[in-house]
Amino acid sequence: MIIKCLAIDDEPLALKQLASYIEKISYFELVGTCQSANEAKRLLNKEKIDAIFIDINMPDMTGLDFVKSLAAPPLVVFTTAYSEYAIDGYKVDAVDYLLKPFGLDEFKAAAGKVKKQFYLIDTVAAHKADADDSMFLKTDYKVVRIKIHDICYIESMSEYLRIFLEGQHSPIMVLMSMKKMEERLPERMFMRIHRGSIINLKKIKEVSRNHIILENGANLPIGDLYKERFNAYINSKFLAK
């Protein structure tokens, strides 16, 4: 499983080093880098981020204040040159605290803590999804209940989503963002493969030339931004020789 990360630091050299460390961790994916809290907040509103590595001392808003301002913050690792901030960092449930200058070995230790916490959260979410395997959606002036495992794939169409269900010819149309739907679906079962599509991984029939063919015959392209994560998933499912 890939952990999507964001690096935040107002110092360009420190940000570059932080990004290079993230890219050295096999289970991390660097989604972006930001030099301010405001820039980071805009990116968090657009992308699904699992963990952030953030400097505490920044000009527009401190890293602590930034994390406190988030309604549902991702996993947090603080980085700073000032050791007196350590206690404050743990007050906002930070996973770890890296004191500058830190090396790759120290970063790997923090990455391991992030991985452990991420898997713990994902396991709890999986149990919750197993207990509640359906959702209610408002469509055509009525509310319908659908089983999550019946979803084959989801496509965006302007401000609407088209949800294609197993055994149904016509999709359900709902007014909802892809980001909100992606957050609602269990990550172990669904994956975004394109800016405009999410698939049920259990419905894949074959993969051919950057296209996914599902059991219902749908042929969907894999977007360039999503290839690496999807390929990592496929590689994890290959039988050993």
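Cut-off values and rules
- Along each chain, residue indices are assigned from 1 in the same order as the chain's sequence is written.
- Reporting of local features is limited, given that this is a predicted model, to residues whose pLDDT is at least 70; pairs of side-chain atoms are given and counted only at 80 or more, and all residues count toward the totals for whole chains, interfaces and linings.
- Note: side-chain values were computed over all heavy atoms of the structure, leaving out hydrogens and water.
- A helix here means a DSSP run of H or I that spans at least four residues, while a strand means a run of E at least two residues long, and both kinds are numbered starting from the N terminus.
- C-alpha atoms define the radius of gyration in this analysis, and the globule rule sets the expected value at 2.2 Å times the number of residues to the power 0.38.
- Any two residues whose heavy atoms approach within 4.5 Å are treated as being in contact.
- The Shrake-Rupley method, run with a 1.4 Å probe, gives the accessible areas here. Residue values count only the displayed protein chains as cover.
- Take the buried Ala, Val, Leu, Ile, Met, Phe, Trp, Tyr and Cys residues and link them wherever side-chain atoms come within 4.5 Å; each set so joined is a nonpolar core.
- For each residue, the accessible area found with a 1.4 Å probe, counting protein chains only, is set against the maximum for its type, and the residue is called buried under 20%, exposed over 50%, and partly exposed in between.
- Here a polar contact means two N or O atoms within 3.5 Å. Within protein one must be a hydrogen donor candidate and the other an acceptor candidate, and residues neighboring in sequence count only if both atoms are side-chain atoms.
- Each pair of aromatic rings taken from Phe, Tyr and Trp, with Trp reduced to its six-membered ring, is defined by centres within 6.5 Å and is described as stacked if the planes are under 30 degrees apart, edge-to-face if over 60, and tilted in the remaining cases.
- Only when DSSP finds a minimum of two bridges between them are two strands counted as paired.
- Structural elements are reduced to axes, namely lines fitted to C-alpha atoms, with helices fitted over the stretch in contact, and the angle between N-to-C directions of any two is expressed from 0 to 180 degrees.
- Salt bridges are counted wherever a side-chain nitrogen of Lys or Arg sits within 4 Å of a carboxyl oxygen of Asp or Glu.
- Our arc is simply the arc of the directions from the helix axis toward the C-beta atoms.

### Describing the overall build of the protein
Part 1 of the reasoning: Regarding its fold elements, the protein presents seven helices and 15 strands.
Part 2 of the reasoning: For 241 residues, the compact-globule estimate of 2.2 N^0.38 gives 18 Å, and the protein sits close to it at 20 Å.
Part 3 of the reasoning: In the protein, once contacts between residues fewer than 6 apart in sequence are set aside, the share between residues at least 24 apart is 51%.
Part 4 of the reasoning: When the accessible surface of the protein is summed, it comes to about 13900 Å², and 51% of that surface belongs to carbon and sulfur atoms.

### Description of the nonpolar core
Part 1 of the reasoning: Of all hydrophobic cores here, the largest spans 22 residues; its most connected members are Ile3, Ile22, Phe28, Phe53, Phe107 and Val114.
Part 2 of the reasoning: Considering every element that reaches this core, the biggest residue donor is helix 5 (residues 104-131), with five residues.
Part 3 of the reasoning: Apart from residues lying up to four places away in sequence, Phe53 is in contact with Cys5, Leu6, Ala7, Ile8, Leu18, Ile22, Phe28, Val77, Phe107 and Val114.
Part 4 of the reasoning: Counting 20 residues, the second-largest nonpolar core is a separate cluster that includes Cys34, Ile52, Phe78 and Tyr97.

### A closer look at the side chain of Glu182
Part 1 of the reasoning: Residue placement: Glu182 occurs in helix 6 (residues 178-184).
Part 2 of the reasoning: Among the residues examined, Glu182 registers a relative accessible area of 14% and is labelled buried.
Part 3 of the reasoning: Looking at Glu182, its side chain comes within polar contact range of the side chain of Arg192, at 3.4 Å.

### Observations regarding the side chain of Thr139
Part 1 of the reasoning: Within the element layout of this structure, Thr139 appears in strand 6 (residues 134-139).
Part 2 of the reasoning: Its relative accessible area of 6% is what places Thr139 among the buried residues.
Part 3 of the reasoning: In terms of polar contacts, Thr139 uses its side chain to reach the backbone carbonyl oxygen of Met173, at 2.6 Å.
Part 4 of the reasoning: With residues near it in sequence (within four places) discarded, Thr139 still touches Val144, Ile172, Met173 and Val174.

### Some words on the packing of aromatic side chains
Part 1 of the reasoning: Using the criterion set out here, one finds nine aromatic pairs in the structure.
Part 2 of the reasoning: Relative to Phe107, the ring of Phe28 has its centre 6.5 Å away and its plane inclined at 80 degrees; by these criteria the two rings are edge-to-face. With a gap of 79 residues between them, Phe28 in strand 2 (residues 28-34) and Phe107 in helix 5 connect regions that are remote in the sequence.
Part 3 of the reasoning: Judged by relative accessible area, Phe28 falls into the buried class, the value being 6%.
Part 4 of the reasoning: Taken together, the ring pairs connect Tyr21, Tyr27, Phe28, Phe53, Phe102 and Phe107 into an aromatic cluster.

### Digging into the sheet that holds strand 10 (residues 172-175)
Part 1 of the reasoning: Reading across the sheet, the five strands line up as 10-9-8-12-11 and stay open at both edges, with antiparallel pairing between neighbours. Taken across any chain shown, the strands that pair with only one partner, and hence form the sheet edges, are strand 10 and strand 11 (190-194). Pairs of neighbouring strands in the sheet enclose a mean axial angle of 25 degrees, with direction left out of account.
Part 2 of the reasoning: Direction of pairing for strand 9 (residues 160-165) relative to strand 10: antiparallel, over a ladder of four bridges. Residue pairing across strands places Leu161 opposite Val174, the latter belonging to strand 10.

### Notes on unusual backbone geometry
Part 1 of the reasoning: Of the consecutive residues Lys100 and Pro101, the connecting peptide bond is found in the cis state with omega at -5 degrees.
Part 2 of the reasoning: Even without glycine at this site, Arg209 takes up a positive phi of about 50 degrees.
Part 3 of the reasoning: Position of Arg209 among the secondary structure elements: in the loop between strand 13 (204-208) and strand 14 (211-214).
Part 4 of the reasoning: Located in the positive-phi region is Asn210, a residue other than glycine, with phi close to 60 degrees.
Part 5 of the reasoning: As for its placement among the helices and strands, Asn210 is situated in the loop between strand 13 and strand 14.

### A short note on the pattern of salt bridges
Part 1 of the reasoning: Under the counting rule described, the total for this entry stands at eleven salt bridges.
Part 2 of the reasoning: Residues Lys48 and Glu187 are paired through a salt bridge, measuring 3.3 Å at the closest nitrogen-oxygen approach. With Lys48 in the loop between helix 2 (37-46) and strand 3 (51-55) and Glu187 in the loop between helix 6 and strand 11, this pair connects stretches of sequence that are 139 residues apart. Each member of the pair, Lys48 as well as Glu187, carries the same accessibility label: buried.
Part 3 of the reasoning: For Lys227, the salt bridge goes to Asp224, with nearest N and O atoms at 2.9 Å.
Part 4 of the reasoning: On the accessibility criterion, Asp224 (62% relative accessible area) is exposed.

### A look at helix 2
Part 1 of the reasoning: Among the residues of helix 2, those classed as buried are Ala37, Ala40, Leu43 and Leu44. Relative to the axis of helix 2, the buried residues are bounded by an arc of 120 degrees and lie together on one face. In helix 2, the exposed positions angled more than 90 degrees off the buried face are occupied by Arg42, Asn45 and Lys46.
Part 2 of the reasoning: Elements that come into contact with the buried residues of helix 2 comprise strand 1 (3-8), strand 2, helix 3 (63-69) and helix 6.

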